[in-house]
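Fold and geometry: a report
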Amino acid sequence: MWPTCQNVSKCVAASLGRRLHRVHTSSRRRCNVAAFMPEAAGFEGVSDRSTLQEFSVSSSESFWAAAARHRVDWISPFHLVQDCDLSRGKIRWFGGGKLNVSVNCLDRHVHTCPERVALIWERDEPGSEVKVTYRQLLEMTCRLGNLLKRRGVRRGDCITIYMPPCPLAVASMLACARIGASHNVVFAGFSAEALAERIRDAQSSTVITVNQGVRGGRVTELKKTVDEAVQSCPIVRQVFVAMRTENPVAWTARDVAMEEEMLAEEEVCEPAAMDSEDVLFLLYTSGSTGKPKGLVHTQAGYLLYAALTHRYVFGYHDGDVFGCVADIGWITGHSYSVYGPLANGGTTVLFESTPIYPDPGRYWEMVQRLKINQFYGAPTAIRLLLKYGDQWVQKYDRSTLKTLGSVGEPINTEAWEWYHRVVGDGRCPVVDTWWQTETGGICISPRPSDPGAEIVPGMAMRPFFGINPVLIDTEGNVLTSNHTSGALCISQPWPGMARTIHNDHQRFIETYFRPHPGYFFTGDGAYRSQEGYYQITGRLDDVINVSGHRIGTAEIEDVVNQCPIVAESAVIGYSHDIKGQGVYAFVVLKQGVDIKAADVLRQLNDTVSKKIAKYACPDCIQVIFVQHLPKTRSGKIMRRVLRKVVERDLEGLGDLTTMDDPAAVEEIIQGHHDLW
Ligand code: 6R9
């Protein structure tokens with residue numbers, strides 16, 4: 001069940017005030033559907049884009065079959081479009097088909113345009129970018145594929161990649177795909193312990209990393225972190241190390257000098273013929289319990305969905321330069337820095353730096369220098385840059401920009417308007433794209449290329465082709481009317497959705513399919529306006545979103561509780577100006593602990609950054625010491641009560657009758673007036 005709806009109604013109220021600002025993106029004209037989407041030529045009764053949208057949902061099998069035939073190069077064709085049963089969490093697409101994802105991302109473009117730039121590696125130091133053509137990327141991928149094979153990696157193995165965005169990271173992902181291994185990219189900001197947990201869960205015996213990372217002018221010791229992680233991962237037998245900097249690092253017997261050994265390999269590597277449903281990658285994400293979930297994506301459906309959304313949401317055309325600034329350690333980097341653009345034969349930017357290095361003009365200076373046509377970033381960065389002022393944007397020529405994208409969390413109206421008015425000079429549509437690691441690609445978003453498409457600031461607007469969102473109320477009823485809010489679910493399968501949680505299909509079913517049987521439950525709440533447009537209102541479970549990064553409150557609690565001075569804790573999210581949400585930790589110290597608050601804070605922050613990652617803590621964690629936590633009689637911490645106290649909504653404290661010790665709330669209210 002989804003717990004609360006309070007943030008939903010707040011956002012509904014907010015949205016009403018927003019509905020007046022409309023941005024029309026193109027004139028309402030009749031268009032040729034086949035010119036827009038060639039595979040639509042054969043769809044019966046489809047004469048324009050709105051009937052195309054209806055067709056994609058009502059005849060979803062025909063829609064996806066045609067798209068899969070048209071957009072994927074198959075080694076042998078599929079014979080079963082889909083075999084899905086959402087109530088059992090069974091999702092299979094394109095049964096019987098065989099393909100190779102790296103061939104789809106590389107070889108077919110090398111045949112037509114070998115010298116087209118595939119990757120622009122925007123290195124930390126501005127002006128030092130490196131361009132890699134499709135021919136070069138194929139060569140790198142093949143050499144690496146051969147090296148992996150020679151070093152004993154077999155089809156079905158899972159390789160962990162702990163690298164910043166760079167061409168060798170992309171080649172590593174594609175080399176896995178080439179030889180039939182799967183990858184598990186771990187964000188290179190994660191700590192050794194978080195990395196180790198993911199290596200163990202994925203059972204990776206090979207890890208790929210770089211000697212050091214460089215970000216925001218600072219060097220990070222990535223190889224050292226891997227060495228530390230591997231100490232608690234006996235399964236790891238080899239670590240491939242690429243040299244991002246020239247600095248030597250400590251070397252062990254299991255280390256392999258990646259670039260050196262790649263040079264000795266053949267530049268041709270036979271692609272493995274993979275089944276549509278073989279695993280392409282695992283990607284760990286936070287859930288509402290302590291243990292991260294390794295979501296599993298498979299070959300054909302994921303690739304097709306990433307490619308189609310990339311082309312149609314952003315209006316990507318051949319020759320465009322696509323600038324997604326997400327790290328490859330997140331799903332956004334997977335789908336829109338790597339797989340979507342490369343499947344479409346596009347030119348994609350790999351951004352190694354930060355939005356404010358060397359100054360807050362970085363993004364826009366890069367847009368000018370690389371002539372970026374579509375820019376895709378996170379609201380947290382937009383909010384940060386907005387505060388530095390317009391001059392950092394206006395200094396640079398942004399006339400190449402055609403579309404601006406936003407992802408990861410709700411974008412507030414102020415940030416949306418600034419992005420649109422200042423960054424896009426009022427002429428580029430802003431696409432607020434809602435999706436998740438679980439959905440594989442964008443599910444709800446404006447499609448500015450649609451005739452007459454309008455965009456309401458702060459709204460994700462309309463479902464993508466083949467997606468049928470539904471809203472469900474607390475009693476489990478599907479809400480059919482408009483101007484209503486509920487739990488956001490999706491009623492029918494689509495090819496890009498995750499197939500399972502690695503080694504825990506039961507958890508997959510329970511998390512996504514049990515709350516509302518027959519539907520995929522997203523964990524988010526949404527509002528559907530009078531016109532039928534969607535606005536995402538935030539998580540309904542115990543997941544918080546710090547700068548667009550998902551993190552489970554339980555994950556932080558687990559770690560805080562490991563601190564020797566802590567008896568117990570409860571963590572909730574609070575509204576943060578820049579980061580969207582920050583972290584409040586209510587902490588009960590062990591009896592007899594006598595230590596200054598500042599020291600405790602330091603200890604907790606150290607522990608959280610060591611066990612999870614830095615972004616999960618220091619400058620946004622607020623620690624509040626209490627004697628007791630509010631609990632139900634059965635011992636469950638009542639986080640909803642803490643949330644209300646932090647939101648200063650004492651009226652809304654709700655039913656406290658199940659509470660074990662009402663004095664605990666009193667104490668928190670009394671003690672925390674200073675919070676307000
Ligand atoms: C792609 C990505 C998914 C969660 C999702 C939701 C939030 C993402 C959003 C958004 C409002 C948007 N989210 N995009 N909320 N508007 N445009 O971010 O994947 O890391 O798995 O996070 O992020 O809460 O459920 P992931």
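Predicted model, so just to flag it, every value in this text is computed and none were measured. (Residues numbered from 1 in each chain as written. Predicted model: local features only at pLDDT ≥ 70, side-chain atom pairs only at ≥ 80, totals over all residues. Heavy atoms only, no water.)

1. Describing the overall build of the protein
What the protein contains, in helices and strands, is 21 helices and 33 strands. Computed over the C-alpha atoms, the radius of gyration of the protein is 25 Å, within 12% of the 26 Å expected from 2.2 N^0.38 for a compact globule of 676 residues. Relative to its 676 residues, the protein shows a buried fraction of 62%. Carbon and sulfur atoms make up 50% of the accessible area of the protein, which totals about 25,100 Å². Both charge centroids of the protein, one from 71 positive and one from 76 negative side chains, sit 2 Å from each other. (Helix = DSSP H or I, 4+ residues; strand = E, 2+ residues; numbered from the N terminus. Rg over C-alpha atoms; globule rule 2.2 N^0.38 Å. Buried < 20%, exposed > 50% of the residue type's maximum accessible area, 1.4 Å probe, protein only. Areas by Shrake-Rupley, 256 points an atom, 1.4 Å probe, with all protein chains shown as cover. Lys, Arg positive; Asp, Glu negative; His and termini not counted. Charge placed at Lys NZ, Arg CZ, Asp CG, Glu CD.)

2. A closer look at the environment of Phe240
Its location among the elements puts Phe240 in strand β12 (residues 238-242). A relative accessible area of 0% places Phe240 in the buried class. Sequence separation between Phe240 and Arg398 is 158 residues, and the spatial gap between their C-alpha atoms is 39 Å. Non-local contacts of Phe240, meaning those with residues more than four positions away in its chain, are made with Leu147, Leu148, Arg151, Thr206, Val207, Ile208, Thr209, Val256 and Met258. (Contact = heavy atoms within 4.5 Å.)

3. Some details on the confidence of the model for the protein
Per-residue confidence for the protein averages 89 on the pLDDT scale, and 92% of its residues sit at or above 70. Within the model, the stretch residues 1-21 combines pLDDT values under 50 with 46 contacts to residues more than four positions away or in other chains. Across residues 26-30, confidence stays below pLDDT 50; counting only partners more than four residues off in sequence or on other chains, it has 13 contacts. Note on the complex model: pTM 0.88, ipTM 1.00. (pLDDT = per-residue confidence, 0-100.)

4. Digging into the pattern of salt bridges
Here the structure, examined in full by the defined rule, presents 37 salt bridges. The residue Glu267 makes a salt bridge to Arg143 at a minimum N-O spacing of 3.2 Å. With Glu267 in the loop between α10 (258-263) and β14 (274-275) and Arg143 in helix α6 (residues 134-150), this residue pair connects regions lying 124 residues apart in the sequence. We classify Arg143 as buried; its relative accessible area is 13%. (Salt bridge = Lys/Arg side-chain N within 4 Å of Asp/Glu carboxyl O.)

5. Structural notes on the side chain of His297
The residue His297 is located in strand β16 (residues 293-298) in this model. Separated by 2.8 Å, the side chain of His297 and the backbone oxygen of Thr437 make a polar contact. One polar contact links the side chain of His297 to the main-chain carbonyl oxygen of Gly496, over a distance of 3.4 Å. Setting aside its immediate chain neighbours within four residues, His297 contacts Val279, Leu280, Phe281, Tyr302, Ile331, Thr437, Glu438, Thr439, Gly440, Gly496, Met497 and Ala498. (Polar contact = N/O pair within 3.5 Å; in protein donor to acceptor, adjacent residues only side chain to side chain.)

6. So, the side chain of Asp255
Among the secondary structure elements, Asp255 is positioned in strand β13 (residues 255-257). For Asp255, a relative accessible area of 8% translates into the label buried. A polar side-chain atom of Asp255 sits 2.8 Å from a polar atom in the side chain of Lys223. In this structure Asp255 touches Lys223, Val239, Val241 and Ala250, once residues within four positions along its chain are discounted.

7. A closer look at the site of the ligand
Around the ligand, the surrounding shell holds 17 residues, and the nearest of these are Asp432, Thr437, Asp524, Arg539 and Arg550. Thr437 has a polar side-chain atom sitting 2.5 Å from an oxygen atom of the ligand. For the ligand, whose free accessible area comes to 530 Å², the fraction covered by protein is 96%. Going through the elements one at a time, α12 (331-343), β21 (430-433) and β28 (534-539) are the ones with two or more residues in the shell around the ligand. For the shell around the ligand, the residue count by class is six nonpolar, six polar and five charged. (Near = heavy atom within 4 Å. Nonpolar A, V, L, I, M, F, W, Y, C, P; charged D, E, K, R; others polar.)

8. Re the packing of aromatic side chains
Scanning the entire structure with this criterion turns up 38 aromatic pairs. Ring geometry for Tyr305 versus Phe464: centroids 5.8 Å apart, planes at 90°, classification edge-to-face. Taken as a pair, Tyr305 in helix α11 (residues 299-314) and Phe464 in the loop between β22 (454-455) and β23 (469-472) lie far apart in primary sequence, 159 residues in all. By the ring-pair criterion, three or more aromatic residues cluster together here, those being Phe36, Phe43, Phe55, Phe63, Trp64, Tyr305, Tyr312, Phe464 and Phe465. (Phe/Tyr/Trp six-rings, centres within 6.5 Å; stacked < 30°, edge-to-face > 60°.)

9. Structural notes on α11
Helix length check: α11 (16 residues) gives 23 Å between terminal C-alpha atoms against 22 Å at 1.5 Å per residue, within 8%. Across the 16 residues that make up α11, a large majority, 16, are buried. (Expected span 1.5 Å × (residues − 1).)

10. Brief notes about the nonpolar core
Judged by nonpolar contacts, the single largest core of 158 residues is most densely connected at Leu52, Phe94, Leu137, Met163, Tyr339 and Leu342. Counting residues per element, this core draws most heavily on α11, at 11 residues. Setting aside residues no more than four positions away along its own chain, Leu137 makes contact with Leu106, Ala118, Leu119, Val132, Pro167, Val170, Ala171, Leu174 and Leu342. (Core = buried A, V, L, I, M, F, W, Y, C linked by side-chain atoms within 4.5 Å.)

11. So, the pairing of strand β31 (residues 566-576)
Counting buried positions along β31 gives eight out of 11 residues, so the element sits mostly inside the fold. The pairing of β31 with strand β32 (residues 580-589) spans 10 bridges and is classified as antiparallel. Bridge pairing in β32 links Ala570 to Phe586. The antiparallel pairing of β31 with β32 creates a hairpin that spans three residues between the two strands. (Pairing = 2+ DSSP bridges.)

12. A closer look at the sheet that holds strand β18 (residues 347-351)
Taken in spatial order, the seven strands make up an open sheet running β6-β5-β18-β17-β19-β20-β21, and their pairing is mixed. Among the strands making up the open sheet, the edge pair consists of β6 (130-133) and β21. Going across the sheet, the axis of each strand differs from the next one's by a mean of 20°, ignoring polarity. Sheet strands in contact with helix α7 (residues 167-179) are β5 (117-122), β6 and β18, and its direction is about 135° off that of β5. (Axes fitted to C-alpha atoms, helices over the stretch in contact; angles between N-to-C directions.)

13. Remarks on the sheet that holds strand β15 (residues 279-285)
Judged by pairing direction, the sheet is mixed, and its eight strands sit side by side in the order β13-β12-β9-β7-β8-β15-β16-β26 without closing on themselves. Two strands close off the open sheet at either side, each with one partner strand: β13 and β26 (500-501). Bridging between β12 and β13 involves three bridges; their strand directions are parallel. The residue bridging Phe240 from the neighbouring strand is Val256, located in β13.

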